[in-house]
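Residue-level structure breakdown
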Amino acid sequence: MLRRPRRNRNNAAIRNMVEETHLRVSNLVYPLFVVDGKGIKEEISSMPGNFRMSQDVVLKEIRECIKLGLTNFILFPAVAEKLKDKVATYSYDPENFYLKIASAIKKKFPDTCIISDVAMDPYSSDGHDGYVDDGQIVNDVTLPILAKMAVAQAQAGFDLIGPSDMMDGRIQVIREALDEAGFYTTGIMSYTAKYASAFYGPFRDALDSAPKAGDKKTYQMNPANKKEALIEAELDTAEGADFLMVKPALNYLDVIHVLKQNFDLPIAAYHVSGECAMLIAACQNGWLEYKKAMPETLLSIHRAGADVIITYFAKDFAKLVKGKL
Ligand code: PBG
């Protein structure tokens with residue numbers, strides 16, 4: 001045998017020397033669920049270790065994360081039912097607590113990167129990402145609402161705007177609205193290939209944002225399709241996106257890979273609630289070892305081609321790196 005690949009695995013020093021993929025805390029984004037009020041920290045039952053938090057609690061949480069080297073956050077609001085309506089008016093209301101929390105974070109921690117969520121579902125009485133008329137999700141009526149939401153978020157201080165709604169043409173409409181309002185330095189992290197996945201369940205529990213009727217299959221992508229992701233990526237690139245995201249991550253590693261190979265924009269992957277919940281449940285049962293399975297999972301997403309990973313494990317990974325988990 002002339003070729004013995006095992007020689008390069010002989011000891012830890014050699015293995016480290018030939019290690020191909022390195023995941024850093026700076027590649028990770030930590031999702032935070034925020035609510036109106038004070039002193040609120042409610043655990044989300046299907047996502048142990050994740051909480052709905054009011055502003056004071058979120059600020060403490062972010063301080064802790066920064067100490068661990070974690071600087072990137074994506075924020076999602078849990079909105080009271082009485083504030084929801086058909087056109088998501090509260091999403092761009094200057095009194096919106098979500099916008100106020102964003103401003104408070106940037107004021108206190110200017111060196112963070114905070115990412116918003118643009119979609120109607122947290123604010124919509126129909127629970128859909130777009131405007132609903134007679135059971136249909138109407139694309140072009142939704143666009144100006146998303147644009148207003150995005151401008152309000154940029155105004156509040158978000159560094160990156162995160163359209164997760166999957167309406168056609170929204171990146172261009174949002175980019176133009178941001179530029180017109182003077183926010184030409186605010187970036188867009190587009191949910192480029194967001195699939196109609198069964199793995200968002202715990203997130204919808206967290207925000208109470210599940211659709212009241214029907215499903216999201218006329219706007220989110222069919223899990224069977226990959227070429228369609230290339231079409232979406234081409235459009236988002238042309239329309240002015242700064243990041244292309246694939247969501248979920250683990251069941252879609254091939255999609256992450258094909259976007260990484262074909263596009264030069266940074267690729268993000270959203271390791272979604274259901275994917276994290278599965279691993280947590282297996283660890284709680286003693287079937288997997290968290291300290292090993294968790295980093296291997298994140299590494300696989302990075303290796304597939306994701307430059308940025310949005311994951312509920314971000315804080316634990318940061319702790320692990322510091323030897324504090
Ligand atoms: C809403 C939104 C969803 C997620 C992020 N933004 C849910 C959905 O599309 O129904 C899911 C995230 C997760 O499951 O962790 N537009």
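Above: the structure in question.
Residues numbered from 1 in each chain as written. Predicted model: local features only at pLDDT ≥ 70, side-chain atom pairs only at ≥ 80, totals over all residues. Heavy atoms only, no water.

**As for the packing of helix α3 (residues 97-108) against helix α4 (residues 139-156)**
A pair of packed helices is captured by two measures, namely the crossing angle of their axes and the spacing between those axes. Where α3 contacts α4, the axes come no closer than 8 Å and their chain directions differ by 30 degrees. With respect to α4, the element α3 is oriented roughly parallel. Counting all contacts with α3, which are made through Y98, L99, A102 and S103, the residues of α4 involved are A152, Q153 and A156. A breakdown of the residues in the contact of α3 with α4 according to their chemical character gives five nonpolar, two polar and no charged. (Axes fitted to C-alpha atoms, helices over the stretch in contact; angles between N-to-C directions. Helix = DSSP H or I, 4+ residues; strand = E, 2+ residues; numbered from the N terminus. Parallel < 35°, antiparallel > 145°, perpendicular 65-115°, else oblique. Contact = heavy atoms within 4.5 Å. Nonpolar A, V, L, I, M, F, W, Y, C, P; charged D, E, K, R; others polar.)

**With respect to a positive patch on the surface**
A cluster of basic residues, R3, R4, R6, R7 and R9, forms a positive patch on the protein surface. Relative to the helices and strands, R9 is located in the segment before α1 (12-17). (Patch = residues over 30% accessible without salt bridge, like charges linked within 9 Å, V, L, I, M, F, W, Y side chains within 5 Å. Areas by Shrake-Rupley, 256 points an atom, 1.4 Å probe, with all protein chains shown as cover. Salt bridge = Lys/Arg side-chain N within 4 Å of Asp/Glu carboxyl O. Lys, Arg positive; Asp, Glu negative; His and termini not counted. Charge placed at Lys NZ, Arg CZ, Asp CG, Glu CD.)

**Examining the nonpolar core**
One finds F33, L75, I105, L178, M189, I256 and Y270 to be the most contacted residues of the largest nonpolar core, which totals 112 residues. In terms of residue count, the dominant contributor to this core is α4 (10 residues). Beyond its immediate stretch of four places on either side in the chain, I256 contacts V246, A249, I267, A269, I301, A304, G305 and A306. (Core = buried A, V, L, I, M, F, W, Y, C linked by side-chain atoms within 4.5 Å. Buried < 20%, exposed > 50% of the residue type's maximum accessible area, 1.4 Å probe, protein only.)

**A few points about the site of the ligand**
As a matter of local geometry, the ligand sits amid 18 residues, with K194, R204, K247, S273 and Y312 nearest to it. Within the side chain of K247, one N or O atom sits 3.4 Å away from a nitrogen atom of the ligand. Y312 places a polar side-chain atom, nitrogen or oxygen, 2.6 Å from an oxygen atom of the ligand. Coverage of the ligand by the protein chains reaches 100% of its 400 Å² of free accessible surface. (Near = heavy atom within 4 Å. Polar contact = N/O pair within 3.5 Å; in protein donor to acceptor, adjacent residues only side chain to side chain.)

**Details of the pairing of strand β10 (residues 243-247)**
With five of five residues buried, β10 lies mostly within the body of the structure. The two faces of β10 match: F243, M245 and K247 on one face and L244 and V246 on the other face are all buried. Strand direction decides the pairing type here: strand β9 (residues 187-194) and β10, joined by four bridges, are parallel. Across the sheet, residue K194 finds its bridge partner in β10, namely K247. As defined by bridge partners, β10 adjoins strand β11 (residues 267-271) across three bridges and the pair is classed as parallel. Note on β11: the bridge partner recorded for V246 is A269. In terms of handedness, the path from β10 via helix α8 (residues 253-262) over to β11 forms a crossover that is right-handed. (Pairing = 2+ DSSP bridges. Right-handed = clockwise from strand over helix to strand, strands pointing away.)

**A look at the packing of aromatic side chains**
Counted according to the given criterion, the structure contains 12 aromatic pairs. Ring geometry for Y191 and Y270: centres 6.2 Å apart, planes at 45 degrees, overall tilted. Here Y191, found in strand β9, pairs with Y270, found in strand β11; they are 79 residues apart in sequence, far enough to count as distant. Overall, the relative accessible area of 1% leaves Y191 in the buried class. Judged by its relative accessible area of 1%, Y270 is buried. Judged by centre distance (6.2 Å) and plane angle (45 degrees), the rings of Y270 and Y312 are tilted. Pair noted here: Y270 is in strand β11 and Y312 is in the loop between β12 (308-311) and α11 (314-321), with a separation of 42 residues, a long-range link. (Phe/Tyr/Trp six-rings, centres within 6.5 Å; stacked < 30°, edge-to-face > 60°.)

**Considerations on the pattern of salt bridges**
A side chain with one charge may pair with a side chain of the opposite charge, provided their charged atoms come close. For the structure shown, the criterion picks out 15 salt bridges. The partner of E81 in a salt bridge is K84, and the shortest N-O contact between them spans 3.4 Å. In this structure, the salt-bridge partner of D129 is K216, at a minimum N-O distance of 2.7 Å. Separated by 87 residues along the polypeptide, D129 in the loop between β5 (113-115) and β6 (131-133) and K216 in the loop between α6 (201-207) and α7 (227-239) bring together distant segments of the chain. Comparing D129 with K216, the two get one shared label, buried. Several salt bridges converge on common partners, so that one network encompasses E61, E64 and K315.

**Describing the side chain of T297**
With respect to the helices and strands, T297 occurs in helix α10 (residues 290-304). On the accessibility criterion, T297 (12% relative accessible area) is buried. When sequence neighbours within four positions are dropped, the list of residues in contact with T297 reads L250, H271 and L279.

**A short note on the side chain of N96**
In this structure, N96 sits in the loop between β4 (72-77) and α3. When its relative accessible area of 0% is taken as the criterion, N96 is described as buried. In this structure, N96 is in contact with Y90, S91 and Y123, ignoring residues within four places of it in sequence.

**Focus: unusual backbone geometry**
Glycine aside, a negative phi is what most residues show, and trans is what most peptide bonds show. Look at the link from K247 to P248: it is a cis peptide, with omega at -10 degrees. By the secondary structure assignment, P248 is in the loop between β10 and α8. Of note, A88 is a non-glycine position whose phi angle comes to about 55 degrees, a positive value. Structurally, the position occupied by A88 is in the loop between β4 and α3. Even without being glycine, D208 reaches a positive phi, approximately 55 degrees. Along the polypeptide, D208 turns up in the loop between α6 and α7.

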